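Remarks on the overall topology
Here are the chains, one letter per residue:
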Amino acid sequence: MAPRKDQALVFEVKGNSLDDGPGIRTVVFFKGCPLSCTWCHNPESKKAVPEIRFDREKCIGCGSCVGVCPEHALVRGRPGFIDRGRCTLCAACTEECPSTALSLVGTPLSLEGLVRKIEPDIPFFAASGGGITLSGGEPTLWLDFASELLRWAKARGIGTLVETCGLFPLQRFMECLYPHTDAVYFDLKLFDAREHEKHCGVENGRILENFAFLSRRCAADGKVLLPRVPLVPGITATKANLSAIARFLTGLGATRVDLLPYNPLWLSKMESLGNGIPFEGRGELKEWMPLSLVEECKGFFPGFDLG
């Protein structure tokens, strides 16, 4: 089930999006990410391999899936239902499930297959000033494929945008993606290298270097570079972190930043993938972020355009 060389692993193609760039957009969510953020809002995107998802709320208890599993990996009464040590990802259960409680997350797609999913939305792009957004996961894990997709879009006058965690080989990014994208939305999560490694799995030196380079290059080329900061209570949404990011951006001449309020919807996604829930003792991470805290965070970016 691994993708061929001419394919990429995609876990969703979402049309009619208004949240991932200007106008009406189609967002391509690639699977796989070089970071491992403890609060990842798309945990289904982290692994660059297909996964089986079980949505307990959708399950009607018919048992159809149990009989077709050749590995006997579906066990009634088992927490999470799936014995993931036995599961071989044959996906027979997802094909049998009448309620889609079981689903395959991650499909290898060729450029032609992906284009067929995007083409019906093209009229909306022109009418709204929209286009396609490459997201994830991390689209720069699929540089050659993403480059071909962006080339296809630009040849048809379609607007292009790349959302990235910032951890990518800069020279390859500049060769493959930069010439064919109108805008880059760039996540800055934690400024302190140790905190970044603790919560995201790697240090952030290359991320900050990549952002600094792109800030100069995009300014010279008239392209949009939008820094985005996910606000996670007690982790990223702290005075020390936000102040440090604000100073970094000010030093580069940035005047705009997008603050992304925390929401807890990712917790149910983690459960559906058979993953443990972190932060069991942190009640504030199980709730939607209060508007008062969002406003407090905005106060660390005086003079910035916050959208």
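Before going further, it helps to examine the packing of aromatic side chains. The tally for this structure, following the rule as stated, stands at 9 aromatic pairs. Joined through ring pairs, the aromatic side chains of Phe168, Phe173, Phe186, Phe191, Phe211 and Phe248 make up one cluster.

Further remarks concern the side chain of Ser243. Inspection of the secondary structure puts Ser243 in helix α9 (residues 239-251). Within the structure, Ser243 has its side chain in polar contact with the backbone oxygen of Lys239 (distance 2.7 Å).

Attention shifts here to the nonpolar core. One finds Phe30, Ile132, Leu149, Phe186, Leu188, Leu249 and Phe301 to be the most contacted residues of the largest nonpolar core, which totals 70 residues. Top element by residues in this core is helix α5 (residues 143-155). It accounts for 7 residues. Leave out the neighbours within four places in its chain, and Leu188 touches Ile207, Leu208, Phe211, Pro227, Arg228, Val229, Pro230, Ile245, Phe248 and Leu249. Residues Cys65, Phe81, Cys93 and Leu102 belong to the second largest nonpolar core, which totals 12 residues.

Let us look at the sheet that holds strand β6 (residues 131-135). Spatially, the 8 strands line up as an open sheet ordered β5-β1-β2-β6-β7-β8-β9-β10, and their pairing is mixed. The sheet terminates laterally at β5 (107-110) and β10 (258-261), the two strands that pair on one side only. Strand-to-strand twist in this sheet, taken as the mean axis angle between neighbours without regard to direction, amounts to 30°. Direction of pairing for strand β7 (residues 159-164) relative to strand β8 (residues 183-187): parallel, over a ladder of 4 bridges.

We now examine the pattern of salt bridges. The full count for this structure, using the stated rule, is 13 salt bridges. Between Arg78 and Asp83 there is a salt bridge, with its nearest N and O atoms 3.8 Å apart. Note on Asp83: relative accessible area 16%, which makes it buried. For the salt bridge of Arg228 with Asp187, the shortest nitrogen-to-oxygen distance reads 3.1 Å. Of the two residues, Arg228 is situated in strand β9 (residues 224-231) and Asp187 in strand β8; the sequence distance between them amounts to 41 residues. You'll find Arg228 and Asp187 in the same group, each marked buried. The network of salt bridges with common partners includes Glu163, Asp187, Lys189 and Arg228.

Another point: unusual backbone geometry. Excluding glycine, residues mostly have negative phi values, and the peptide bonds linking residues are mostly trans. Residue Gly137 is bonded to the preceding Gly136 through a cis peptide linkage, with omega at 10°. Among the secondary structure elements, Gly137 is positioned in the loop between β6 and α5. Phi is positive for Phe81, which is not a glycine, with a value near 70°. Structurally, Phe81 is set in the loop between α1 (64-68) and α2 (92-96). Classification of Phe81 by relative accessible area gives buried; the value is 9%. One non-glycine residue, Leu89, adopts positive backbone phi at about 65°. Mapped onto the secondary structure, Leu89 falls in the loop between α1 and α2.

The next thing to look at is helix α3 (residues 111-118). Looking only at α3, the buried set comprises Leu111, Gly113, Leu114, Val115 and Ile118. Its buried side turned inward, α3 meets β1 (7-17), β2 (25-30), β5, α4 (122-128), β6 and α5.

Turning our eyes to something else, we now look at the pairing of β2. Where burial is concerned, most of β2 is hidden: 6 out of the 6 residues are buried. Taken together, the 5 bridges between β1 and β2 define a ladder with antiparallel strand orientation. Residue pairing across strands places Val13 opposite Val28, the latter belonging to β2. Here β2 runs beside β6; their pairing, made up of 5 bridges, is parallel. Considered in β6, the bridge of Phe29 is made with Ser135.

Before going further, it helps to examine the packing of α3 against α5. Helix packing for two helices is described by the angle between their axes and how far apart those axes are. Where α3 contacts α5, the axes come no closer than 11 Å and their chain directions differ by 45°. Comparing their axes, α5 and α3 come out oblique. For the pair α3 and α5, the sense of crossing is right-handed. Residue-level contacts link Leu111, Leu114, Val115 and Ile118 of α3 to Phe145, Glu148, Leu149 and Trp152 of α5. Counted by class, the contact of α3 with α5 contains 7 nonpolar, no polar and 1 charged residues.

Moving on, we get to the pairing of β7. Most of β7 sits out of view: 6 of its 6 residues are buried. Alternating residues of β7 divide into Gly159, Leu161 and Glu163 and Thr160, Val162 and Thr164, and every residue in both groups is buried. Two elements, β6 and β7, share 4 bridges in a ladder whose sense is parallel. Paired with Thr133 across the strands is Leu161, a residue of β7. The parallel pair β6 and β7 is bridged by α5, and the resulting crossover is right-handed.

So, how was this worked out
- Residues numbered from 1 in each chain as written.
- Predicted model: local features only at pLDDT ≥ 70, side-chain atom pairs only at ≥ 80, totals over all residues.
- Heavy atoms only, no water.
- Phe/Tyr/Trp six-rings, centres within 6.5 Å; stacked < 30°, edge-to-face > 60°.
- Helix = DSSP H or I, 4+ residues; strand = E, 2+ residues; numbered from the N terminus.
- Polar contact = N/O pair within 3.5 Å; in protein donor to acceptor, adjacent residues only side chain to side chain.
- Core = buried A, V, L, I, M, F, W, Y, C linked by side-chain atoms within 4.5 Å.
- Buried < 20%, exposed > 50% of the residue type's maximum accessible area, 1.4 Å probe, protein only.
- Contact = heavy atoms within 4.5 Å.
- Pairing = 2+ DSSP bridges.
- Axes fitted to C-alpha atoms, helices over the stretch in contact; angles between N-to-C directions.
- Salt bridge = Lys/Arg side-chain N within 4 Å of Asp/Glu carboxyl O.
- Parallel < 35°, antiparallel > 145°, perpendicular 65-115°, else oblique.
- Left-handed = near helix turned anticlockwise from the far one by under 90°.
- Nonpolar A, V, L, I, M, F, W, Y, C, P; charged D, E, K, R; others polar.
- Right-handed = clockwise from strand over helix to strand, strands pointing away.

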